[in-house]
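Residues per chain, in single letters:
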Amino acid sequence: MNLTISIAIYNGSQYIKRCLDSIILAYRKVNPEDIQLTVLAINDGSKDDTAAIADRLAENYPTIVKAIHQENGGHGEAVNTGIKNATGVFFKVVDSDDWVGEEALATLLEKLEMFSNSGEDAVNVPDLVLCNYIYDKVGVKHKKVINYKGYLPLNRTFTWQDVKKMPPGKYMTMHACVYRTEVLRESQLVLPKHTFYVDNIYVFKPLPFVKKLYYLDINLYHYFIGRDDQSVNEKVMIKRLDQQLRVNKIMIDTLSAYDKSIPNCTEYMYSYLEIISAITSVLATLSGTPEHLAMKEDLWKYMQEKDAEIYQKVRYSFVGRAVNLPGKFGQSALLAIYKLAQKLYGFN
């Protein structure tokens, strides 16, 4: 089996068919005798018609789609279930309200076929394949494409030594990542239940187990954003700041436990932690409530007490200094930087 795609679905009846249709159409563009694909449609305790839709899709595509029903455990628990049930050499998470580019997924499937069957020398089989993704934002005509050209080598397997330092807007997200399934299992990745924003843990924790990478310059993933009810909506994120803080602390714990023996991987993990810590700090500043400002203080205190080396590197980096500028001027400057980054990269 070459690829397992895991779709976590909670009350996703409005979007799941579009998501799955994009995958099925891509699969029809390749030779199914040569390329194997399994789609796990994981119904995470939905209260709408999701269960019935998932069962119907599994009935319509019995060789590809498998419906799994579980009590509600949140996005992280659905991903955990996907990893446990994965049979593919590689593993990809697709959220039910997003979709994939048909031509791009067909290209990816053909490339993974080469890796899965050792069509290329086994030493070149990557632990992590990266693809481009698109911020498919509601109401925006020209969609922002995040690619890694100039930062990652093209058309060859490479190591962390070949990875160039990336700007904050190009960090590796769940949308970009296709992991080798065994890497996820070797890292003992288990995402917390009933917690939003665990996609950052999903990407972050396995990184020290990644020895070989491959960048495929295709626009694979359409990240559907800009809806008022979305978990990454700014107002929603502020309401869930406690969960963002929980994820941020788990990332601190992960980096603290890692022996930091792979130089560029370590540098990248520090950079990733800087970004997530900055997001937590900015959201607390945007809110401005005593409760949320206390959470911001708690984050930096936790980091300092957990690992002094991490604290020194992250707190006194350019990003760390920027999000901790003192006084009203500091807060104003921080929010201006945030709005500029938002405009440049198209998130939220």
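Below is a summary of the structure that appears in this document. (Residues numbered from 1 in each chain as written. Predicted model: local features only at pLDDT ≥ 70, side-chain atom pairs only at ≥ 80, totals over all residues. Heavy atoms only, no water.)

With that settled, the discussion passes to the overall build of the chain. Assigned secondary structure in the chain consists of 13 helices and ten strands. Relative to its length of 348 residues, the chain is compact, with a C-alpha radius of gyration of 20 Å against a globular reference of 20 Å. Across its three principal directions, the C-alpha atoms of the chain cover 65 × 45 × 40 Å. Classification of the 348 residues of the chain by burial places 56% in the buried group. Nonlocal contacts in the chain, meaning residues at least 24 apart in sequence, comprise 77% of its contacts between residues at least 6 apart. Roughly 15500 Å² of accessible area belongs to the chain as shown, and the carbon and sulfur atoms make up 52% of that amount. Seen as two clouds, the 41 positive and the 40 negative side-chain charges of the chain have centres 6 Å apart. (Helix = DSSP H or I, 4+ residues; strand = E, 2+ residues; numbered from the N terminus. Rg over C-alpha atoms; globule rule 2.2 N^0.38 Å. Buried < 20%, exposed > 50% of the residue type's maximum accessible area, 1.4 Å probe, protein only. Contact = heavy atoms within 4.5 Å. Areas by Shrake-Rupley, 256 points an atom, 1.4 Å probe, with all protein chains shown as cover. Lys, Arg positive; Asp, Glu negative; His and termini not counted. Charge placed at Lys NZ, Arg CZ, Asp CG, Glu CD.)

The next subject is the packing of helix α10 (residues 290-306) against helix α11 (residues 308-315). At a closest axis distance of 5 Å, the pairing of α10 and α11 adopts a crossing angle of 135°. If you check the angle between α10 and α11, you find them oblique. On α11, the residues that touch Trp300, Met303, Gln304 and Lys306 of α10 are Ala308, Ile310, Tyr311, Val314 and Arg315. Looking at the contact of α10 with α11 residue by residue, the class counts come to six nonpolar, one polar and two charged. (Axes fitted to C-alpha atoms, helices over the stretch in contact; angles between N-to-C directions. Parallel < 35°, antiparallel > 145°, perpendicular 65-115°, else oblique. Nonpolar A, V, L, I, M, F, W, Y, C, P; charged D, E, K, R; others polar.)

Under the defined criterion, the tally for this structure stands at 14 aromatic pairs. Within the aromatic cluster, the residues linked to one another by ring pairs are Trp160, Tyr171, Phe204, Tyr268 and Tyr272. Above the plane of the ring of phenylalanine 196 lies arginine 240, whose end atom (NZ or CZ) is 3.6 Å from the centre. (Phe/Tyr/Trp six-rings, centres within 6.5 Å; stacked < 30°, edge-to-face > 60°. Lys NZ or Arg CZ within 6 Å of the ring centre and 35° of its normal.)

A few words now on the side chain of asparagine 200. Mapped onto the fold, asparagine 200 is located in helix α6 (residues 199-204). Overall, asparagine 200 belongs to the buried group, its relative accessible area being 9%.

What follows deals with the nonpolar core. With 111 residues, the main nonpolar core has Ile7, Leu105, Leu108, Trp160, Met172, Tyr179 and Tyr202 as its most contacted residues. A per-element tally of this core places helix α9 (residues 263-287) first, with twelve residues. Non-local contacts of methionine 172, meaning those with residues more than four positions away in its chain, are made with Leu128, Leu130, Tyr148, Trp160, Met166, Cys177, Val203, Leu213, Tyr268 and Tyr272. Membership of the second largest hydrophobic core comes to five residues, among which are Ala8, Leu40, Ile42 and Ala78. (Core = buried A, V, L, I, M, F, W, Y, C linked by side-chain atoms within 4.5 Å.)

For the rest of this paragraph, the subject is α11. All of the buried residues in α11 are Ile310, Tyr311, Val314 and Arg315. Mapping the buried residues of α11 onto a view down its axis gives an arc of 105°, with all of them on the same face. Residues of α11 that are buried in the fold lie against α8 (241-257), α9, α10 and α12 (318-322). If you check the start of α11, you find a side-chain oxygen 3.1 Å away from the backbone N of glutamate 309, and it comes from aspartate 307. (Arc of directions from axis to C-beta. Polar contact = N/O pair within 3.5 Å; in protein donor to acceptor, adjacent residues only side chain to side chain.)

What follows concerns α9. Residues that lie three or four places apart on an α-helix share one face, since the helix turns once every 3.6 residues. With 25 residues, α9 extends 37 Å between its outermost C-alpha atoms, agreeing within 8% with the 36 Å of an ideal straight helix rising 1.5 Å per residue. Taking burial as the measure, the 25 residues of α9 include 19 buried ones, the bulk of the element. (Expected span 1.5 Å × (residues − 1).)

Turning to the side chain of histidine 222, a few remarks are in order. For histidine 222, the position within the fold is in strand β10 (residues 213-225). Dropping the residues within four chain positions of it, histidine 222 is found in contact with Asp98, Trp99, Val100, Gly101, Ile134 and Asp136.

With six of six residues buried, strand β4 (residues 90-95) is to be regarded as a mostly interior element. Of the two faces of β4, both are covered, the one formed by Phe90, Lys92 and Val94 as well as the one formed by Phe91, Val93 and Asp95. Here two bridges tie β4 to strand β9 (residues 177-180), and the two strands are oriented antiparallel to one another. Within β9, the residue paired with phenylalanine 91 across the bridge is tyrosine 179. (Pairing = 2+ DSSP bridges.)

Positive phi, close to 50°, is recorded for asparagine 11, a residue that is not glycine. Turning to its location among the elements, asparagine 11 is positioned in the loop between β1 (3-9) and α1 (16-27). Owing to a relative accessible area of 33%, asparagine 11 belongs among the partly exposed residues under this scheme. With a phi close to 70°, tyrosine 197 is a non-glycine residue in the positive phi region. In this structure, tyrosine 197 sits in the loop between α5 (181-186) and α6.

Looking at chain direction, strand β6 (residues 128-137) and β9 are connected through three bridges and run antiparallel. Note on β9: the bridge partner recorded for leucine 130 is cysteine 177.

At a closest axis distance of 7 Å, the pairing of α9 and α10 adopts a crossing angle of 155°. It follows that α9 is roughly antiparallel to α10 by the angle criterion. Here α9 and α10 pass one another in a crossing that is left-handed. Within the contact between the two elements, α9 uses Ser277, Thr280, Ser281, Ala284, Thr285 and Ser287 and α10 uses His292, Leu293, Lys296, Leu299, Trp300 and Met303. A breakdown of the residues in the contact of α9 with α10 according to their chemical character gives five nonpolar, six polar and one charged. (Left-handed = near helix turned anticlockwise from the far one by under 90°.)

Functional significance is not addressed by these values, which are geometric in nature.
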